[in-house]
Every structure is written in structure tokens, then in C-alpha cells.
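Chain and residue survey
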Number of protein chains: 2
Amino acid sequence: MEAKDTRHNVLKLVRLGIDARNEYMVFMRKDCPVCISEGFEALNRIKVTKGEKTIVASLIVWDDESQLSHDQLGLSDAAIEALETKEGDLLRLSHLDALDSMSDVRKKIYGHRLNQAEFDRIIGDIVNRNLSNIQLSAFLASSTGNSLNQDEVIALTRSMINVGFKLDWGKDKVYDKHCIGGLPGNRTTPLVVSIVAAAGLTIPKTSSRAITSPAGTADTMEVVTNVNLTTGQMKNVVEQEGGCLAWGGSVQLSPADDILIRVEKALDIDSEGQMIASVLSKKAAAGSTDVVIDIPVGATAKVRSQEAAVHLSEKMVAVGKAIGLNIDIVLTDGSQPVGRGIGPALEAKDVLSVLRNENNAPDDLRERAIILAGRLLEMGGKAAEGSGTLEALRVLKSGAAYKKFTAICEAQGFFREPEVAPHKHRIRSAASGVVSEIDNRRLAKVAKLAGAPGAMTAGILLLTPLGTHVEENDTLFEIHAESQGELEYALSYLDAQKQIIKIKAT
Amino acid sequence: MEAKDTRHNVLKLVRLGIDARNEYMVFMRKDCPVCISEGFEALNRIKVTKGEKTIVASLIVWDDESQLSHDQLGLSDAAIEALETKEGDLLRLSHLDALDSMSDVRKKIYGHRLNQAEFDRIIGDIVNRNLSNIQLSAFLASSTGNSLNQDEVIALTRSMINVGFKLDWGKDKVYDKHCIGGLPGNRTTPLVVSIVAAAGLTIPKTSSRAITSPAGTADTMEVVTNVNLTTGQMKNVVEQEGGCLAWGGSVQLSPADDILIRVEKALDIDSEGQMIASVLSKKAAAGSTDVVIDIPVGATAKVRSQEAAVHLSEKMVAVGKAIGLNIDIVLTDGSQPVGRGIGPALEAKDVLSVLRNENNAPDDLRERAIILAGRLLEMGGKAAEGSGTLEALRVLKSGAAYKKFTAICEAQGFFREPEVAPHKHRIRSAASGVVSEIDNRRLAKVAKLAGAPGAMTAGILLLTPLGTHVEENDTLFEIHAESQGELEYALSYLDAQKQIIKIKAT
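Along each chain, residues carry numbers from 1 onward, in the same order as the chain's sequence is written. In the order they appear in the text, chains get letters beginning with A and ligands get numbers beginning with 1. With the structure being a predicted model, the display of local features is reserved for residues of pLDDT at least 70 and the display and counting of side-chain atom pairs for 80 or more, all residues being used for whole-chain, interface and lining totals. As a rule here, side-chain values come from all non-hydrogen atoms in the structure, and water together with hydrogens is ignored.

Comments concerning the interface of chain A and chain B
Contacts between residues were defined by any pair of non-hydrogen atoms, one from each residue, lying within 4.5 Å. Taken together, the contact pairs 58 residues of chain A with 59 residues of chain B. What gets called buried area is simply the loss in accessible area from a 1.4 Å probe that two parts show on being joined, summed for both. Summing both sides of the interface, chain A and chain B together bury roughly 4,500 Å²; the carbon and sulfur share of this comes to 53%. Looking at the side of chain A facing chain B, the largest losses of area belong to Asp19, Ile134 and Tyr489 of chain A, adding up to 13% of the total buried there. Here, a salt bridge means any side-chain nitrogen of Lys or Arg that lies within 4 Å of a carboxyl oxygen of Asp or Glu. The interface formed by chain A and chain B holds zero salt bridges in total. Nitrogen and oxygen atoms within 3.5 Å of one another constitute a polar contact, given that in protein one can donate a hydrogen and the other can accept it, and given that sequence-neighbouring residues count only through two side-chain atoms. Taken together, chain A and chain B are joined by ten residue pairs in polar contact (both at pLDDT 80 or more). Charged residues are taken to be Asp, Glu, Lys and Arg, nonpolar residues to be Ala, Val, Leu, Ile, Met, Phe, Trp, Tyr, Cys and Pro, and polar residues to be all remaining types, Gly included. Split into classes, the residues belonging to the side of chain A that touches chain B amount to 25 nonpolar, 13 polar and 20 charged. Whether two strands pair comes down to DSSP finding at least two bridges between them. Numbering of helices and strands runs from the N terminus; a helix is a DSSP stretch of H or I covering at least four residues, while a strand is a stretch of E covering at least two. Here strand S1 (residues 10-19) of chain A runs beside strand S4 (residues 53-62) of chain B; their pairing, made up of two bridges, is antiparallel. Following the sheet pairing, isoleucine 18 of chain A is matched in S4 of chain B by tryptophan 62 of chain B.

Points about the sheet that holds strand S11 (residues 326-333) of chain A
All names here are of chain A. Taken together, three strands build an open sheet; the order of strands is S7-S10-S11 and the sheet is parallel. Edge positions in the open sheet fall to strand S7 (175-179) and S11, since each of these has one partner strand only. Ignoring which end each strand starts from, the neighbouring axes of this sheet average 20° apart. Axis definition: a line fit to C-alpha positions, over the contact stretch in the case of helices; interaxial angles, taken between N-to-C directions, run 0 to 180 degrees. Each of S7, strand S10 (290-297) and S11 is contacted by helix H14 (residues 363-379), which is oriented at about 160° to S11, the strand it contacts most.

A short note on the domain arrangement of chain A
All names here are of chain A. Each domain's extent is set by a domain assignment, obtained either automatically or from a database. Segmentation of chain A into domains returns domain 1 (10-95), domain 2 (175-249 + 279-412) and domain 3 (423-504). The centre of domain 2, based on its C-alpha atoms, is set 27 Å off from the matching centre of domain 3. With 18 residues of domain 2 in contact, the opposing surface of domain 3 contributes 17 residues. Buried area between domain 2 and domain 3, summed over both chains or domains, comes out near 1,400 Å², and the portion from carbon and sulfur atoms is 68%. It is Pro214, Ile342 and Leu346 in domain 2 that bury the most area against domain 3; as a group they hold 35% of the surface buried on that side. Taken together, the residues that form the side of domain 2 that touches domain 3 break down as ten nonpolar, five polar and three charged.

What to know about the relation of the copies chain A and chain B
You can overlay chain A on chain B at an RMSD of 0.1 Å; the transform is a turn of 179° with a shift of 0.1 Å along its axis. Each copy turns onto its partner about a two-fold axis. By residue overlap, the copies meet face to face through one surface: 100% of the interface positions of chain A are interface positions in chain B. The fit set for superposing copies consists of C-alpha atoms from residues with pLDDT of at least 70 in both; the fit itself is least squares.

Quick look at the sheet that holds strand S15 (residues 459-462) of chain A
Residue and element names in this part refer to chain A. Strand order in the open sheet formed by four strands is S12-S15-S17-S13, and the pairing between neighbours is antiparallel. For this open sheet the edge positions go to strand S12 (341-342) and strand S13 (423-428), each flanked by a neighbour on one side alone. Note that S13 and strand S17 (residues 475-481) share six bridges and pair antiparallel. Residue pairing across strands places histidine 423 opposite alanine 481, the latter belonging to S17. Packing against the sheet, helix H17 (residues 440-449) makes contact with S12, S15 and S17, and its axis sits at approximately 130° to S15.

Considering unusual backbone geometry
Residues and elements named next belong to chain A. Omega for the peptide link from alanine 452 to proline 453 comes to 0°, which places this bond in the cis form. Mapped onto the secondary structure, proline 453 falls in the loop between H17 and S15. Positioned with a positive phi, glutamate 84 is a non-glycine residue whose angle comes to about 50°. By the secondary structure assignment, glutamate 84 is in the loop between helix H2 (77-83) and strand S6 (90-95). A relative accessible area of 54% means that glutamate 84 is categorised as exposed. Summary of the burial criterion: residues with accessible area below 20% of their type's maximum are buried, those above 50% are exposed, and those between are partly exposed, where the area comes from a 1.4 Å probe applied to protein chains only.

A look at the nonpolar core
Put simply, a nonpolar core is a bunch of buried Ala, Val, Leu, Ile, Met, Phe, Trp, Tyr and Cys residues held in one set by side-chain atoms that sit within 4.5 Å of each other. Judged by nonpolar contacts, the single largest core of 98 residues is most densely connected at Ile126, Leu280 and Ile293 of chain A together with Ile126, Leu280 and Ile293 of chain B. The contact partners of isoleucine 126 of chain B, leaving out residues within four places of it in the chain, are Leu131, Leu136, Phe139, Ala256, Ile259 and Leu260 of chain B.

Some thoughts on the pairing of strand S5 (residues 72-76) of chain B
All names here are of chain B. Burial of S5 is extensive: four of the five residues sit out of reach of the surface. Across five bridges, the pairing between strand S1 (residues 10-19) and S5 is parallel. Note that in S5 the partner of lysine 12 across the bridge is glutamine 72. Where strand S2 (residues 25-29) lies against S5, three bridges are found, and the strand directions are antiparallel. In the strand pairing of S5, methionine 28 is matched with leucine 73.

Quick look at the structure:
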């Protein structure tokens, strides 16, 4: 650190109301005394200090004199929040010294192995937002593919656990499930939790909301109950019912992962090592001990071949063991969407019809759920090895799982039935034949344009899974929307598309 | 490309006056119709279209209602310029489709080899600004260290040449020089050009301005002549004098490199492959055929060991050969600064005193210049192998080099003597002994705080190189400044520093 005269390095905060997601940005005039004396230039990384708090922000230079005066600066909203500062405060600005963690990142870029202390430094600086997106990207690119060995994935996972909160349920055994790379409609979680908790195991499940999909598990659960629980409330629900189905966003289980995932999306890369660290650090932080992991395998799924799935499974089990997690892997069919509904309320309806053992409940959803729940029952000694699926089916058929589901909902606040959208539109087949192809990505986009997940009842009801025989004019799917405008927006997109569902003449 | 209803995707431009360097940014209100209907979120990459022109920009979301109305958007200055748009224009916004070049980048991230077509796609998208800094960073991180083999470096170099302008001097042989990783004061270029041109070879030299240093060659030349030449003007000067000493910034010889270098700096990485491609693509684009490359080797230089220098030399020669460049490498001493002056005018004075064969001219600067010029004379058949240095010295001593230098300056517009700064301050030794250490980095910072390179005559005059015997109170260096305020700013920084020049008692 250089001691330095800092009289020239102070500017007064003006609130600009700028949302740059989690990115810290600082706005200054090109001709302000700090920029001139410090030689700051656009996109430099600048330390901004108020009292004891310091953040690192990227500089945006403002030429327009009407926005800021010479002695003022602006900050993006996230930066204001992190500094706990307010309009009119005097903030000190200085150059960022070289970060030790960037030496570690460079070491990785040059292909060397990193140890625990080095991962700790990198993850620590990520959580403190000292690394810019450019630097995060270099770290991710250098640790993708096969560039992290097993020891490194273990060290990375430990680093990620150490910087987050940890939940403690006061139980020896805590069960959990996870799915790698979601399939549309694959809403097994509420079913698995209901079956496993009904059988007497502890399964406190937190789920995410949709980021780019038409519904996440938390969105689906919000249709029927309250999912915004504090950790104290979750603990009470789990104490009483053995399980919960809450939104995980209020608990920062793996804050480093939340930041890295944003950049991974921008690069559209899936780093195996990062992914294992991401999933397992969250499970460990959530206080789980025994986890079943669903890996859908299919040509358009995240994991594309049986071989890759086996490789991934072995790594996950090994890393889990090193950090004290007992992992069991289930490889499932990842070739087509699961269930019928796409969108929060429509997916909740699928879940309820399985729980209620209704005749027209989607078989594929039920089957996946009992296989996953079965494995957990075997892990927890509630079923003999090889008989877990049958035992899970028995719990489901007995009505105990449905009873447990509604009890969990009540414990979280209330249980209510899903509503039905006021606006519907049927898309019919132009020919007769067999459904030979479904474009899941575009189907999901139609659901989102119709309002999902923001509008709970909006989405798609798919009536014809792959292999269904259809006659000309049969309904292929329905679009559900909460307003006529949204329905029209979805339809105008649909009009411009090629066939989303392909029919092969028989 | 998806055809799509675009009625909802139009907003009106407001000029915000935001300088984010070369980065394109688009500002929208969170609740504007486009953000809602398209599901845009902060930091998304958005296509902004006006007529035939389209750019890709990063989205900043503005919450403050006083800045933008619902039907307005803002753009950073570089984006406005690229779109050739103006306040009030209607701009169309849409999601960016997946870029093919990012598939290529991912291929490299996963450790595979890239071919010419793949590098062409990546470099093409870089030049068109379709890649964000996050994406550029991943490309750089994945192609650093030894991850590019020779074929890939050749392909990358070709791609970089293809996207820039090319200069044609109408000569079979065009000579050039380059220095890898500058040393402070290493202003050999004006000397080498003068000697080589005086000997009858063609050497049209373009140089850069300082980016982070107290002076670049273009800044130094600007002290004595006009350096802002069009390519037409350069051609006339070279036609007449055989050489020029112009600023290269007005000619975009390697636009991809200009963009990549910014990100490399943020990561503080030196990728050997990228560096070779950067240097050689610029030389090829500048129309050079025979290039001597100065690689200073030293503990604090860019290249730290003789071994690394030899390795780099071999690669450069091989890549040069593949793209039709004849390369000769000179390894030089990189352990201490060269000459006495630091700052444009003070360095120009060093250059002139060598050209004028003055008694007190800096020996080290002269020596380096005649070695480099000598190699070029040998390459050009103006000296027998092994006698180039002597021939260069002869040309220098004869006064022909000085005559050529002033003639080039006159041809570029005028020749004038460097001025001397009105404010000086002597820093004296606190003890007697031998100069044992010079902190070049901090010395350069003092020069910059004193006003260099913006204030031409500002900088440092170093009187005591390594090994000089000094008595107590002898002057170690002088600070030169154009205003009392800048002098005081440099001094207040100096006061807070530990000794910049260390004296060891004898």
C-alpha cells in the first residue's frame, strides 16, 4: 500500500438510480479533479471508500456537464448498497492495488495446479466483488474442461462452502435431491419431498425461481403455498413435518457461485469442475448429508451421453465423499419434456394430479419421482436395497404423500388450489400422423411470452407427447395467458415460427 | 435469425454523454415496454439497430425516472458513433442470437486446436464489437501460456492482418524495427530510422503515444516535429526521405489487437502467442518486409531470462517466415533505464545529443541504436555481415543521420528545438556512496505527476545511473514541470515514498 496525500481524492455522492445487476460502477466527470490527478480512465478499477467500507468499482466517465458537477460522483445501486452510503456523503477514491488472487488466477491461466489457500483467496475476492467480470471470466475459462483435477475441485468446493452461510437442522441425517440441467416440466421435487418426508426422513428442500425458464420449483410451489420463509421459519416447518419446499434465494448458501453463474451464462460454458463445486457446496451449506442426484441424459440435455454421465457421476461421488457428503446418482431419460404443463400453475396441477393418484396424472413425472424418492428411502434405511421404488410408489398410492404435501404447505402458511388462466388458445394439428419432434426451447419461449412465470397461470398445456397419434385438427397444445395482450404477443411470435411440433405422416 | 414482430422493439435516442471507452452500452428504463416484452435484464447483450447498421451493447437498467422516459433509451458515446445516430432517432432493439465465434472460443476453452476459419470468425466478431469484454477475456485466458501452437499463432496473425488496413509503399524491401516491452527512456527509434534512411534503405516508421508511460516515441517526436500525418502525407515523406517518424494511431493497422490489448491489461497477462500475433500483424499491415526486433532481457523487463528470450525469438522468426516477414532478433540489456531523460522533451534532447555527436550524449542509448540499425544495414545489404554496427556508427558520426533526421522532420512539417521546463526541482542525495538501485516504476510515476506526457517539457532528468559514485548533497535527478502546481503534486507524492534511488555506502 502506498501512503499518499488523499486531499484531492474525495467526491460527493449523487444518486443516479442505475441498476447494473451486481456490478459495481462509479460515474465521474472526465474533468473532475480526481480523474485528472489520479489519471483515472474509463473502465479502470477504482477503490471507493466510505469510513471502514471499501468496494472496487469500474469507472464510467461522464462527459455531459449537466449530470454531475466537478465535485460529484455517481454509483450504481449495488455499489451504494454495499457501501451503506447515501446522497451527499463524501467518498474517497484511489487506484486498486494489484490483487493477490489475480496472481492465482494467472497461475491457473498458465496451466498450473492451485491449492486450497489459492482457491480461498480467489473465492474470497469474488465474494467481496474485488474481481471484475473480465477477471471472473478469465478464471472460469482457465478452469473449464479438464483443467481442474479432483483435488482442485475438492479445494474449490471447500472454498465455496467457507464463504457462505451454513444451515444446521440438528439432525444426524439430512436428505436432499438435485437435478443437473433441468428438463421442461421436470417438477419431481415436490413429489420426492412429500414421499420421503411421509416415510419419516428429514428433507428440508430449498429451490430456485426460474432464471431463463418458464418456471422454477419455487415458482411452482408459490402457486399453492407461501415459499418466502426465513431460516427460522424453515426450521419450524421441518421440525414439524420433516420437510419443507421453500425458496432458497433468501439464504446465501453459496454467494460465490451466484456470482460465477452469471458469468458462466454470458460465456455459455459448463465447466464440469465448477458445476460440481457449485452443486455440492450448496448441498453441504444447506446442511445435507445424503443426496440423490438426477442426471437426465439425452441428445439435447446438459449431459449428452451415457459415458459422460458415468464420468460425471464418479467425480461427484468422489468429491462428495471428500467433503462428507454421501451421494447417489440416478441417470434418467433426458430426451423429452416431463409432464404436461409448462408454467407455474400448470406444473403445479401436474404435481397435484400425481399426488392425488388421478387417472390422467402424467406417468412420466410419477415414474421419475418414485425412482428418485426410492433411492433416498434406501439410503435412509426405509426400504431394502432394490425395493425403494416400490416402497415410494406404495407411499404415494396410500395417499400419505399427498397428506404430507398439504401439511407442509399448511405449515408454510396455507394450501390453495392452482387457478386456471382466463385466456386460452388451442393450437391444432394441420395434418394427421405421429408427433415426431418437439422444439422444447421454442415451446418454453411461447410460455414465457404468454406471461410465465410472472403470471402464475400462464404457460403451455402440452397434450401430445412424442409418439402420440393425432388426427388433423386435433389440439396439440393450449396457450394459457392472464391477459389478451400477452396471449396475442405469444401468438404473434408463434405465427412467425416454423412448426414447433412436427407431425410425421403414418 | 428469428423473424419477429418488432413493433414493440423501438425506442428514441437521448444523448447522455457517457464515455465507457470503446465499450458499447445501452441504457433503458426497467419499466420500458421493450425491457418488459423482451425480458431484457441488466448486463444482457442487446442488438441495437438503426437502418442498415447494427451494434451489440451491454444493457444498463436505469431506475431513476427523471433521466429517461418510457419511450427513450441512451447509448454510450462509442455506440452513438458506431451507429452514426443522433438524438431523437428511433432505434430497434432485439436479443442477440448466439454467436458462431463463441462456439469457436468455447472450443479453445476446452483445449482444442482452432483453424484459420475459426480464428477468422473470432477476430471478425472482435473487430465488429460483437464480443463483450467477458467473452474477450475468456478467449485471451484460453489462448495464453502454451495453449496456442505455432500453426495457431500463424492463423491468428493472418486473421489479425486481414481485418485491418494495409499500407503499400511501392517498394520491394521495407525495413522496420520493434521493441518488445519498453524500457524507460529507450528512445532508439528516431536514431535507428535516421541512420537506416541515411544509408539509403526505406523505413517508414509509425509509433504509438504513451498509454501508461511518461512518453511514447510519438510523444517524443511531437516535441520536434509534426507527427499527425495521413497515409498520403506519410507516403510523400517516405518517397522523399526514405523514412518517416509518424504517429501510427490514425491508421488502424490491427484493430483487433487494439481491442484485445485493453483486456490483456485488465488481466495483466502476457500471452506469448497473442503478443507475437499482435506485433507481427502490425508489421505486416504496415507493409514491412524486413524487421529487426529488440528484446530487452532483465529481471524487471518483460522477458526475464536468456532462455525465454531465445524461445520467443525462434517462434517469432518462424511465424514471421510463414506470413512473409524476414525477422532478425537482437537481445539487449534490460536491467536499467536508457538515456537520461524521462518525458517527451527530455527524451528528445537525449536523441538530439546522440545525433549531434555531443560529448555528453548518453552512451547506452547510442550503443543500442547502432546495434539495431547495424542489423538492418546488414539485412539491406548496406553492410557486410558482422560489420553493421560499425557502419551504423560511421553514418552517425558522419553527421548524415542528424541531417536525415532534420530532413524527415522538415518533410513532416517543421523541425524545432525542444524547450526547457520553466519549473525545476533538484533531488539531492542524503548520503555518499554508489547508486545501487533505481525504482523505475516510481520514477515514471513522478514524471507523470509532474505532467508528462501531456506537458511536453515535464518529466525527470536522471543524472546518476546505476553504479554512479555520489557525494552527500549531489543532485540525483531533477523534476521538470510546466506549472508550480504540477511540480508540487509530484513533490508531495515523492515525500510520501521511500527512497526511489538507493545509495549504498562504499
